[in-house]
Amino acid sequence: QKEVEQNSGPLSVPEGAIASLNCTYSDRGSQSFFWYRQYSGKSPELIMFIYSNGDKEDGRFTAQLNKASQYVSLLIRDSQPSDSATYLCAVIKAAGNKLTFGGGTRVLVKP
Amino acid sequence: DTEVTQTPKHLVMGMTNKKSLKCEQHMGHRAMYWYKQKAKKPPELMFVYSYEKLSINESVPSRFSPECPNSSLLNLHLHALQPEDSALYLCASSREVPGAPNEKLFFGSGTQLSVL
């Protein structure tokens, strides 16, 4: 089992719809969770982070964390073509461990 | 200044060449990282420097040699690389120490390396 798993996609979403991305992790002691966005040919950019169970909203993005079920999700509301990118989930296990990336989910928003 | 600057942006080298990748940040971050990323794969951690000391080496072959001259600069020296080393090499920095709960990475734009 991979430490951090994501569906590779592509996740095809009509413009204006909600894109829902999921990420599961294997270490129950994981404590910090991040979403990075990476456009084709560019470097990753941090867009969301969450530490506590529940939802965290920032603009059109919502991160949801459920530690009991060991998953973290990212919702993109009112999806735009400019949201087309690969979204990388990253997790820090117990303190002192390095950041571990999932394989990424490619999102395509179609006009 | 909220940027991590990497040079060069592109590099083509032969298997007998010696070259260096450079990374610079002026955000006062104390941790600096080298990642390697192949197409359609996530970034793979290579090295981490924390307070200018090497804190993580992910069993990277010795043909890759990192150097941290000061808190703002990070180099990656390359020697006798193989074609399979062709990839995007990303530098990143973080205000927090590696593994801290709020470790947020700021990435540079990367160096696209081709080894012939």
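Everything that follows concerns the structure shown earlier in this document.
The sections below set out a description of the structure shown in this document.

What counts and what doesn't
- Residues numbered from 1 in each chain as written.
- Chains lettered and ligands numbered in written order.
- Predicted model: local features only at pLDDT ≥ 70, side-chain atom pairs only at ≥ 80, totals over all residues.
- Heavy atoms only, no water.
- Pairing = 2+ DSSP bridges.
- Helix = DSSP H or I, 4+ residues; strand = E, 2+ residues; numbered from the N terminus.
- Axes fitted to C-alpha atoms, helices over the stretch in contact; angles between N-to-C directions.
- Contact = heavy atoms within 4.5 Å.
- Buried area = accessible area lost by both parts, 1.4 Å probe.
- Salt bridge = Lys/Arg side-chain N within 4 Å of Asp/Glu carboxyl O.
- Polar contact = N/O pair within 3.5 Å; in protein donor to acceptor, adjacent residues only side chain to side chain.
- 1 Å grid on protein atoms, 1.4 Å probe; cavity = no way out; pocket = protein on both sides within 12 Å on 5 of 7 lines; lining within 4 Å.
- Points joined across faces, edges and corners; volume = space filled by probe spheres on them.
- Nonpolar A, V, L, I, M, F, W, Y, C, P; charged D, E, K, R; others polar.

## Focus: the sheet that holds strand E1 (residues 4-6) of chain A
Residue and element names in this part refer to chain A.
Inference 1: Here 5 strands make up an open sheet; going across it, the order is E1-E3-E8-E7-E6 and the pairing antiparallel. The open sheet is flanked by E1 and strand E6 (54-58), the only strands paired with a single partner. Strand-to-strand, the axes of this sheet are offset by a mean angle of 20 degrees, without reference to chain direction.
Inference 2: Where strand E7 (residues 61-66) meets strand E8 (residues 71-76), 6 bridges bridge the pair, whose relative direction is antiparallel.

## Considering the interface of chain A and chain B
Inference 1: In this assembly, 20 residues from chain A lie in contact with 18 residues from chain B.
Inference 2: Buried area between chain A and chain B, both sides added, is near 1500 Å², and the carbon and sulfur share of it is 61%.
Inference 3: Inspection of the region where chain A meets chain B yields 0 salt bridges.
Inference 4: Here chain A and chain B share 4 residue pairs in polar contact (both at pLDDT 80 or more) between them.

## Looking at the side chain of Lys104(B)
Inference 1: Along the polypeptide, Lys104(B) turns up in the loop between strand E9 (87-94) and strand E10 (106-107).
Inference 2: Leaving out residues up to four positions away in the same chain, Lys104(B) has contacts with Phe34(A), Tyr36(A), Leu46(A), Phe49(A), Tyr51(A), Ser93(B), Ser94(B) and Glu96(B).

## Quick word on the layout of surface pockets
Inference 1: In this model, the largest pocket occupies a volume close to 720 Å³.
Inference 2: Surrounding the largest pocket, 29 residues form its lining, Ser40(A), Gly41(A), Thr86(A), Ala39(B) and Lys40(B) being those nearest its centre.
Inference 3: Of all the secondary-structure elements, those providing two or more residues to the lining of the largest pocket are strand E9 (85-92) and strand E11 (105-110) of chain A together with E9 of chain B.
Inference 4: At 4 residues, E11(A) tops the list of elements feeding residues into the lining of the largest pocket.
Inference 5: Residue classes in the lining of the largest pocket are distributed as 9 nonpolar, 14 polar and 6 charged.

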